[in-house]
Amino acid sequence: MWLRTTNTKLTQVNGQRKYGGPPELWDGPLPGAHCEVFISQIPRDAYEDLLIPLFGSVGPLWEFRLMMNFSGQNRGFAYAKYGSPAVAANAIRLLHGYMLEPSLRLSVRRSTEKRHLCIGDLPTSTRQEDLLQALRAMVDGVERVSLKSGPGIDGVSAIVAFSSHHTASMAKKVLVEAFKRQFSLSISIKWQSTVKPSVDEPQPPHKPSNSLLPSPLKPPRHALPPRLARAPSAPPGFCRAVGGPILPKQPPLVGSSHAQVEELGAPHIVGGSSVCTVCGSSDFLLNVV
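Note that the coordinates shown come from a computational prediction; the quantities given were computed from them, not determined experimentally.

### What about the overall build of the protein chain?
Of the regular secondary structure elements, the protein chain holds 7 helices and 14 strands. For the protein chain, the proportion of contacts with a sequence separation of at least 24, taken over those separated by at least 6, is 68%. Accessible surface computed for the protein chain: about 14900 Å², of which carbon and sulfur atoms make up 56%.

Take a look at the structure:
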C-alpha cells in the first residue's frame, strides 16, 4: 500500500486530510506569503497517492491538504504549500490544466491567505499603542493594528494584521476569552475579508497604513508534464487505511442532487466551502482563491 511503501503520514482534522506542515526531516525554508496554491476540479476518486507525488514532482511539499466530506470522498479541491514563492509559481505554470482524467483538467492558482482580523466592541478610549502592546502579550504574530470608528460602528473597531494565516487563526480562537479574562471586556472578532485600497496609501500619524496582499498575476500557459503513473488501489480502501471516514453502506447520490458535493470556484473553509486546519473558518483563503 502506498502509505507504507512511501512512509507517508496523513492526519485528518476539520474535514480535511493533511500531509506535512512540515513533513518529517524538512530542511527547507519556512513558507511565507505566496507559497501556497489552490487546486480545484480534482476528480472525486483522486487521492493523495496520486496528488502528493504529482505536486511533489514540482518541488518539496511543505504541506498538502485535501478537503474531504463525511462519505470519505474528496470534495474536489486541495491546497499545496511549498517552501518558496518560486516553487509555487512553478506548480502553477506546470500543473494548471494538467489532465488527470479524459476531459478533466486541474485548475491550479495562487492562493492568498487571510491575515487580518477585525476586533469590534472595543471601548471608545482605546489607544492604538496600548492595544498593540496588549495583543502582542496575548498572542503571537501581531504585526500592525489600526483603529476605526464612526457612523455605524459601535465603540471602536481594530484591524489587526498578523504574520500568517496560522497565527491569525490561533488568535481568533483565544482572543475573546483572553479579553474577558484580562480586561472584563466582551469583544467581537471576525475575519477581515476585504481591506480598502486606501490603507496602502500614506496615512496621517494617528492612522498607520496597513499592507495589502498583492493580487496574483495569471501565469502563462506552458507545456504540461508527463502524467504520473497511478497505483490501481481502490480509493475507499485508501480512505479507510489512513483513518478517513468509511463510505456508507448505501451509496451517496451523485450528480446535481448530491447535497454534499459542491463545485467551488473559490474556497473558503468547514461546513461551507472549505476547511481551515486551525480555525475551521468557512472563509479561509482568498482566491484569487
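### Let's talk about the packing of aromatic side chains
Tallying each qualifying case throughout the model produces 5 aromatic pairs. Ring plane angle 40° and centroid distance 6.1 Å describe the contact between F55 and F64, whose orientation is recorded as tilted. Across this residue pair, the class does not change: F55 and F64 are buried. Ring plane angle 90° and centroid distance 6.4 Å describe the contact between F77 and Y79, whose orientation is recorded as edge-to-face.

### Here we look at the environment of R115
Relative to the elements of secondary structure, R115 occurs in the loop between β9 (112-113) and β10 (116-122). Given the relative accessible area of 11%, R115 is considered buried. Separated by 51 residues in the primary sequence, R115 and H166 place their C-alpha atoms 8.2 Å from one another. Separated by 3.4 Å, the side chains of R115 and E143 make a polar contact. A distance of 2.4 Å separates a polar atom in the side chain of R115 from the backbone oxygen of F162.

### Topic: the nonpolar core
It is characteristic of soluble globular proteins that their nonpolar side chains tend to be buried jointly. Counting residues in hydrophobic clusters, the biggest one holds 30 residues, and the most contacted among them are I39, F55, F64, Y82 and L106. Contributions of two or more residues to this core are made by α1 (2-6), β3 (36-40), α2 (48-56), β4 (61-68), β5 (74-82) and α3 (85-95). Residues contacting L106, with those up to four places away along its chain left out, are I39, S40, Q41, I42, L54, F55, L95, H96, G97, Y98 and L100. In terms of nonpolar packing, the next biggest core, distinct from the first, is built from 22 residues, M138, V139, V145 and V160 among them.

### Concerning the sheet that holds strand β13 (residues 188-191)
Whether parallel or antiparallel, the strands of a sheet pair through hydrogen bonds between backbone atoms. Strand order in the open sheet made by the 4 strands is β11-β12-β10-β13, with antiparallel pairing throughout. Two strands lie at the open edges of the sheet, namely β11 (142-148) and β13, each paired on one side alone. Adjacent strand axes in the sheet meet at a mean angle of 20° when their direction is disregarded. Here 4 bridges tie β10 to β13, and the two strands are oriented antiparallel to one another. In the strand pairing of β13, I119 is matched with I189. Lying over the sheet, helix α5 (residues 165-183) contacts β10, β12 (156-162) and β13, oriented at roughly 165° with respect to β13.

### Describing the confidence of the model for the protein chain
Per-residue confidence for the protein chain gives a mean pLDDT of 74, with 65% of residues at or over 70. Between the elements of the protein chain, mean pLDDT differs from a low of 40, seen in helix α7 (residues 269-273), to a high of 96, seen in α3. Overall, residues 254-275 carries pLDDT values under 50, and its contacts beyond four positions in sequence, including any with other chains, amount to 74 contacts.

### Things to note about the sheet that holds strand β1 (residues 10-13)
The strand order across the open sheet built from 6 strands is β1-β2-β4-β5-β3-β8, with neighbouring strands paired in antiparallel fashion. The open sheet is flanked by β1 and β8 (107-110), the only strands paired with a single partner. Sheet twist, expressed as the average angle between the axes of neighbouring strands with direction ignored, equals 20°. Across 5 bridges, the pairing between β3 and β5 is antiparallel. Within the sheet, the bridge partner assigned to V37 lies in β5 and is A80.

### Notes on the environment of L131
Inspection of the secondary structure puts L131 in helix α4 (residues 128-138). Each C-alpha atom, one on L131 and one on V160, is 9.9 Å from the other, the two residues being 29 residues apart in sequence. L131 has contacts with L122, T126, V145, L147, A158 and F179, leaving out every residue within four places of it along the chain.

### Observations concerning the side chain of E63
Assignment of secondary structure puts E63 in strand β4. Those residues in contact with E63 that lie beyond four places of it in its chain are K18, Y19, G21, E36, Y79, A80 and K81.

How each quantity is defined
Residues numbered from 1 in each chain as written. Predicted model: local features only at pLDDT ≥ 70, side-chain atom pairs only at ≥ 80, totals over all residues. Heavy atoms only, no water. Helix = DSSP H or I, 4+ residues; strand = E, 2+ residues; numbered from the N terminus. Contact = heavy atoms within 4.5 Å. Areas by Shrake-Rupley, 256 points an atom, 1.4 Å probe, with all protein chains shown as cover. Phe/Tyr/Trp six-rings, centres within 6.5 Å; stacked < 30°, edge-to-face > 60°. Buried < 20%, exposed > 50% of the residue type's maximum accessible area, 1.4 Å probe, protein only. Polar contact = N/O pair within 3.5 Å; in protein donor to acceptor, adjacent residues only side chain to side chain. Core = buried A, V, L, I, M, F, W, Y, C linked by side-chain atoms within 4.5 Å. Pairing = 2+ DSSP bridges. Axes fitted to C-alpha atoms, helices over the stretch in contact; angles between N-to-C directions. pLDDT = per-residue confidence, 0-100.

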